[in-house]
Amino acid sequence: MIPVTKPYLPPIEKYQQYVSDIYQRQWLTNNGPLVNEFELSLKEYLGLKHLLYVSNGTIALQIAIKALKLKGEIITTPFSYVATTSSIVWEACTPVYVDIDASTLNIDPAKIEAAITPKTSGILATHCFGNACDIDAIDEIAKRHNLKVIYDAAHCFGTKYRGRSIFEYGDISTSSLHATKLMHSVEGGLLFTKTPELLKRMAYMRNFGHDGPEKFNGVGINGKNSEFHAAMGLAVLDDIDLILAKRKELSLNYDEKLATFISDKPQIQEGCTFNYAYYPIIFSCEQALLDAKTELEKNEIFPRRYFYPSLESLEYVEGDCPNSKEIASKILCLPIFYHLTKAEQDMIARLLLRIQNN
Ligand SMILES: *Cc1c(COP(=O)(O)O)cnc(C)c1O
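Residues numbered from 1 in each chain as written. Predicted model: local features only at pLDDT ≥ 70, side-chain atom pairs only at ≥ 80, totals over all residues. Heavy atoms only, no water.

The sites that carry the UniProt feature "modified residue: N6-(pyridoxal phosphate)lysine" (unreviewed entry) are, in the present numbering, Lys181. Tracing the backbone shows Lys181 in the loop between β9 (172-176) and β10 (189-192). What Lys181 contacts, discounting residues up to four positions off in sequence, is Ala154, His155, Ser176 and Tyr278. (UniProt positions renumbered as here; feature names shortened; annotations may be inferred. Helix = DSSP H or I, 4+ residues; strand = E, 2+ residues; numbered from the N terminus. Contact = heavy atoms within 4.5 Å.)

Listed below in structure tokens is the structure:
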């Protein structure tokens, strides 16, 4: 069986050593030494001064919206994982969809201004599949209209924009360290900002608002993560360069083996150094996708329809985004993960070509 992804598991001895140390210290959670060490290692790896490690990528989005005090309408993308939209609704704001650019699959900046109303307080855009949004254009519009910008960078570990970590952009960037992401800590999330006051507010928010044991600084939630999760994060981070290099190698192998396969791929944004987090292919029509998916599944290969259906079809939102709807109906992510072999990729490619040439 070949799934769309498999979590990367570091050498078990390394994880066990961390667990033994945790047993010795008997310090399991609440900003422990491994959480601190993980935050320091991430900052060093990413070349960033500030970040916060939180329990998951969804709570990171919710804290970001809360910390920026966003109200009313938030402009967002219909082509993302459901958490991007559900976090907006959960924070009692209204998602206003702006359609995607059909080539990059990210929110189309040219369509943002028409969606701005007096109620708009911010923009929440996803760098889909690890490909950067048109950050320059989005930030320029936001500045002109006095809007806050959050980037959902859940797919972006290792992505750079204009030579710097993509996590540096926006008022706040968030990421996910869920087991299915290329860098993970089983469950986990990250918050990034360059604004010291925001960082401080989010640090309080992550820990119930605690300011010492008997004092509180504003309302908070439980967004902390544990020593066991940080231990996994540290062990995976040791191998992150190998993981990123392997993704690239696998992607290039697919490119080569599928050279004669009739499909499109998202166009990488100018200025973006891509992390090869996913391998999406866009079919000519939905039927072609369904035929391919059925055939692959018959052979125990399970690609995924990320992101189908397009989010404006959720029952709790409104919107009409033809590009997103169309792309969502005919895009399929092929298996890509550290231990995928070239032989398995060749088989996937052979099956796809066979269906096409039938
Ligand atoms: C995975 C993901 C999230 C949610 O992250 P969790 O850590 O699973 O809560 C949010 N947005 C996008 C685009 C994602 O892919």
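Our focus in this paragraph is the nonpolar core. Generally speaking, nonpolar side chains in soluble globular proteins are found buried as a group. One finds Phe79, Phe129 and Phe157 to be the most contacted residues of the largest nonpolar core, which totals 69 residues. At 7 residues, helix α7 (residues 227-237) tops the list of elements feeding residues into this core. Split by domain, this core shows at least three residues from each of two domains, domain 1 (12-237) and domain 2 (240-357). The contacts of Phe129, once residues within four sequence positions are left out, are Phe79, Leu105, His155, Phe274, Asn275, Ala277, Tyr278, Pro280, Tyr306, Phe307, Ile331 and Cys333. (Core = buried A, V, L, I, M, F, W, Y, C linked by side-chain atoms within 4.5 Å. Buried < 20%, exposed > 50% of the residue type's maximum accessible area, 1.4 Å probe, protein only. Domains from an automatic or database assignment.)

In this section: the site of the ligand. Among the 15 residues in the neighbourhood of the ligand, the closest are listed as Thr58, Asp152, His155, Ser176 and Lys181. Within the side chain of His155, an N or O atom sits 2.7 Å from an oxygen atom of the ligand. Within the side chain of Lys181, an N or O atom sits 3.2 Å from an oxygen atom of the ligand. Look at the ligand: alone it shows 380 Å² of surface, and the protein chains cover 91% of it. Counting only elements with at least two residues in the shell around the ligand, the list comes to α3 (57-67) and α4 (82-90). Across the shell around the ligand, the residue classes tally to 3 nonpolar, 10 polar and 2 charged. (Near = heavy atom within 4 Å. Polar contact = N/O pair within 3.5 Å; in protein donor to acceptor, adjacent residues only side chain to side chain. Areas by Shrake-Rupley, 256 points an atom, 1.4 Å probe, with all protein chains shown as cover. Nonpolar A, V, L, I, M, F, W, Y, C, P; charged D, E, K, R; others polar.)

This paragraph deals with the sheet that holds β10. By definition, the strands of a sheet pair up through backbone hydrogen bonds, in either a parallel or an antiparallel sense. Strand order across the open sheet formed by 7 strands is β2-β10-β9-β6-β5-β3-β4, with mixed pairing between neighbours. The open sheet has two edge strands with one neighbour each: β2 (52-54) and β4 (94-97). Across the sheet, the mean angle separating the axes of adjacent strands is 25° when strand polarity is ignored. Two elements, strand β5 (residues 120-126) and strand β6 (residues 148-152), share 5 bridges in a ladder whose sense is parallel. Note that in β6 the partner of Ala125 across the bridge is Tyr151. Sitting on the sheet, helix α5 (residues 135-145) touches β5 and β6, and the angle it makes with β6 is about 150°. (Pairing = 2+ DSSP bridges. Axes fitted to C-alpha atoms, helices over the stretch in contact; angles between N-to-C directions.)

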